[in-house]
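Each chain is listed here by its residues.
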Amino acid sequence: MSDTASTPGAAVSTDYTVTGMHCGGCAASVRREVGALPGVTAVEVDVATGRATVTGEGPADPAAVRAAVAQAGYTVEG
């Protein structure tokens, strides 16, 4: 998991490693669940690398992201 922000007040992106995804449908499930979290403005999911990048108005709550990914049927590593 890593955070990036270029300027104060800018959107914050955090990368998560998600295991168990195999297809575009898997990615869509993760995007839908994580994207519904308060403050999340975008979710990019790459099935090939297992990476989910969560962007929001501030840092996403890691516990909430883990719970949302679990709700979709997958696991966040680390």
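It should be emphasised that the depicted structure is a prediction, and the values quoted were computed from it without experimental measurement.

What to know about the overall build of the protein chain
Looking only at helices and strands, the protein chain features 2 helices and 5 strands. When the helices and strands of the protein chain are listed from N to C terminus, the series reads β-β-α-β-β-α-β. The buried share of the protein chain, reckoned over its 78 residues, is 38%. For the protein chain, the accessible surface area stands at approximately 4300 Å², while carbon and sulfur atoms represent 52% of it.

Observations concerning the pairing of strand E3 (residues 40-46)
Of the strand pairs in this sheet, E3 and strand E4 (residues 51-56) are connected by 6 bridges, and their pairing is antiparallel. By the bridge assignment for E4, Val 40 is matched with Gly 56. Linking two consecutive strands that pair antiparallel, namely E3 and E4, is a turn of 4 residues; a positive phi of about 75 degrees is found at Gly 50 within it.

Structural notes on the nonpolar core
One broad trend across soluble globular proteins is that nonpolar side chains are buried collectively. In this structure, Val 30, Val 34, Val 69 and Tyr 74 are the most contacted members of the largest nonpolar core, which totals 20 residues. Of all the elements in the fold, those that place two or more residues in this core are strand E2 (12-19), helix H1 (24-35), E3, E4 and helix H2 (62-72). If near-sequence neighbours (up to four positions away) are discounted, Tyr 74 is found in contact with Val 18, Thr 19, Gly 20, Met 21, Cys 26, Ser 29, Val 30 and Val 69.

Comments concerning the environment of Tyr 16
Structurally, Tyr 16 is set in strand E2. Sequence separation between Tyr 16 and Arg 51 is 35 residues, and the spatial gap between their C-alpha atoms is 5.7 Å.

As for the side chain of Ser 13
Within the element layout of this structure, Ser 13 appears in strand E2. For Ser 13, a relative accessible area of 19% gives the class buried. Here Thr 55 takes part through its side chain, which lies 2.8 Å from a polar atom of the side chain of Ser 13.

Here's the deal with the pairing of E4
In terms of burial, E4 is a largely internal element, 5 of the 6 residues being buried. Where E2 and E4 come together, 6 bridges link them in antiparallel fashion. If you follow Ser 13 over to E4, its bridge partner there is Thr 55.

Quick look at the packing of H1 against H2
Close contact between H1 and H2 brings their axes to 8 Å; oriented N to C, the two are set at 140 degrees. If you check the angle between H1 and H2, you find them oblique. Crossing of H1 against H2: the hand is right-handed. Residues Ser 29, Val 30, Glu 33 and Val 34 of H1 touch H2, and the partners they reach there are Val 65, Ala 68, Val 69, Gln 71 and Ala 72.

Reading guide: rules and limits
Numbering of residues starts from 1 in each chain and follows the order in which that chain's sequence is written. The predicted nature of this model means local features are confined to residues of pLDDT at least 70 and side-chain atom pairs, given and counted, to a pLDDT of 80 or more, with totals for whole chains, interfaces and linings taken over all residues. Side-chain measures here rest on the full set of heavy atoms in the structure, leaving out hydrogens and waters. Helical segments are the DSSP runs of H or I of at least four residues, strand segments are the runs of E of at least two, and each set is numbered from the N terminus. In this scheme, a residue with accessible area under 20% of its type's maximum is buried, one over 50% is exposed, and one in between is partly exposed, where area comes from a 1.4 Å probe on protein chains only. Residue-level accessible areas treat just the shown protein chains as cover; the underlying method is Shrake-Rupley with a 1.4 Å probe. Any two strands between which DSSP finds at least two bridges are classified as paired. In this text, buried Ala, Val, Leu, Ile, Met, Phe, Trp, Tyr and Cys residues form a nonpolar core when linked through side-chain atoms within 4.5 Å. In what follows, a contact means two residues having at least one pair of non-hydrogen atoms within 4.5 Å. Any pair of nitrogen or oxygen atoms within 3.5 Å is treated as a polar contact; in protein, a donor-acceptor pairing is required on top of that, and neighbouring residues in sequence qualify only through side-chain atoms on both sides. Convention adopted: a line fitted to C-alpha atoms gives each axis, helices being fitted over their contacting stretch, and angles between N-to-C directions are expressed from 0 to 180 degrees. In these notes the angle categories are as follows: under 35 degrees is roughly parallel, over 145 is roughly antiparallel, 65 to 115 is roughly perpendicular, and the rest is oblique. Less than a right angle of anticlockwise turn of the near helix away from the far helix marks a crossing as left-handed, whereas a clockwise turn marks it as right-handed.

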